[in-house]
Amino acid sequence: MRPAQAPKSPSPLWVALMSALILGLLFVAVYSLSHGEISYDPLYAVFAIFAFTSVVDLIIALQEDGYVMGFMEFCTKEGEPYLRTAHGVFICYWDGTVHYLLYLAMAGAICRRKRYRNVGLYWLGSFVMSILVFLTGNILGKYSSEIRPAFFLTIPYLLVPCWAGMRVFNQPRAPTCCTTNMVQEEQRKALLQRPADLALVIYLVLAGFFTLFRGLVVLDCPTDACFVYIYQYEPYLRDPVAYPKVQMLMYMFYVLPFCGLAAYALTFPGCSWLPDLALVFAGAIGQAQFSHMGASMHLRTPFTYRVPEDTWGCFFVCNLLYALGPHLLAYRCLRWPSFFQQPPPPGPPAHHKKQQ
């Protein structure tokens, strides 16, 4: 008798076609059941479909960590094997929790015909940072030879945020309760008279130096400080999967200029663009730090690239502060926005009537 042959795994092309078919059927179902909400705001369909994919990502993360078995194994093996990396697991956790809650919040706001601009900006920053680092790492890292047809399903993930971002930015801002006198009084204060802003400026300067330093580390800077840091504090930056290197370069090219712009806006009044930019970068840095810190400690990361036990404290303190600062900046901008509003135009000169 011939030995029984193991069932063949579905081919990568079959996985890609099935995924596209499922997303297409899901769009038809959402459009049929929620035509009124989609007519009011087409992004409702995007958030509904992405909420479904977030649940799938959460199942993938739980499966890769051994909490559930066999649900999406065919997808990770034949469709997107790079989701089995430590970085892939943690972006799935973030997408299945934080992004899922954001999708529910924005879809609920559309159903109630309410604004969701602030939530949308936070999601936009988080989503764009996640997809840019993940796709670039897939192409440049050691998994570049394992790109399957399902990888091209991520092309809509690049196009949709561009369209969604334009719609979110074009939404009207929520009205503030700041009067003209409040704006003028707040904008007359120097930086030393605003201790909270002074602390944020100091944080931004330190974060800028830290960003530049880690960017130089992944660019193989030959100084002793960079050598000690990459081997004793964050050896994950040497991991050939390329996600940490891409992440640090994203920080250096985008977060570093943001730190300078935000410090300027906290010093000089009337920079009305900072609240929106702070929300976008809070989402981006929050997602990036969650994935970076988690992957640095995860068992799927080779032992030689994990954070050494004797430097856990320094690693966590530095990276947690790096993630917390942009959120405090965004909270400050939203809670007390008068300093960032455009100063009111000067009133017309008074005309004195001639005495007869």
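Residues numbered from 1 in each chain as written. Predicted model: local features only at pLDDT ≥ 70, side-chain atom pairs only at ≥ 80, totals over all residues. Heavy atoms only, no water.

Student: Explanation requested: a nonpolar patch on the surface in the structure shown.
Tutor: On the surface, L132, I155, L158 and L159 cluster together into a nonpolar patch covering about 340 Å² of accessible area. The greatest single-element share of the nonpolar patch, amounting to three residues, is contributed by helix α7 (residues 155-170). (Patch = residues over 30% accessible without salt bridge, like charges linked within 9 Å, V, L, I, M, F, W, Y side chains within 5 Å. Areas by Shrake-Rupley, 256 points an atom, 1.4 Å probe, with all protein chains shown as cover. Salt bridge = Lys/Arg side-chain N within 4 Å of Asp/Glu carboxyl O. Helix = DSSP H or I, 4+ residues; strand = E, 2+ residues; numbered from the N terminus.)

Student: Would you explain the nonpolar core in this entry?
Tutor: Considering soluble globular proteins, one finds that nonpolar side chains tend to be buried as a cluster. Judged by nonpolar contacts, the single largest core of 68 residues is most densely connected at F47, W123, L274 and L329. Take this core: its biggest share by element is 11 residues, from helix α11 (residues 243-267). Dropping the residues within four chain positions of it, F47 is found in contact with Y103, M106, A107, I110, Y116 and W123. (Core = buried A, V, L, I, M, F, W, Y, C linked by side-chain atoms within 4.5 Å. Buried < 20%, exposed > 50% of the residue type's maximum accessible area, 1.4 Å probe, protein only. Contact = heavy atoms within 4.5 Å.)

Student: Is there a simple way to explain the side chain of E234 in this structure?
Tutor: Topologically, E234 is positioned in the loop between α10 (224-232) and α11. Within the structure, E234 has its side chain in polar contact with the side chain of R214 (distance 2.9 Å). A distance of 2.6 Å separates polar atoms of two side chains, one belonging to E234 and the other to H292. In this view, E234 contacts F210, R214, Y229, H292, F315 and N319; residues no more than four positions away in its chain are not counted. (Polar contact = N/O pair within 3.5 Å; in protein donor to acceptor, adjacent residues only side chain to side chain.)

Student: Explain the UniProt feature "transmembrane region" (unreviewed entry) in the chain to me, please; I cannot follow it from the model alone.
Tutor: In the UniProt entry, the feature "transmembrane region" (unreviewed entry) is given for residues 12-31, 43-62, 121-141, 147-166, 198-219, 248-266, 273-290 and 310-331. Secondary structure over residues 43-62 splits into 100% helix and 0% strand, and the C-alpha atoms at its two ends are 28 Å apart. (UniProt positions renumbered as here; feature names shortened; annotations may be inferred.)

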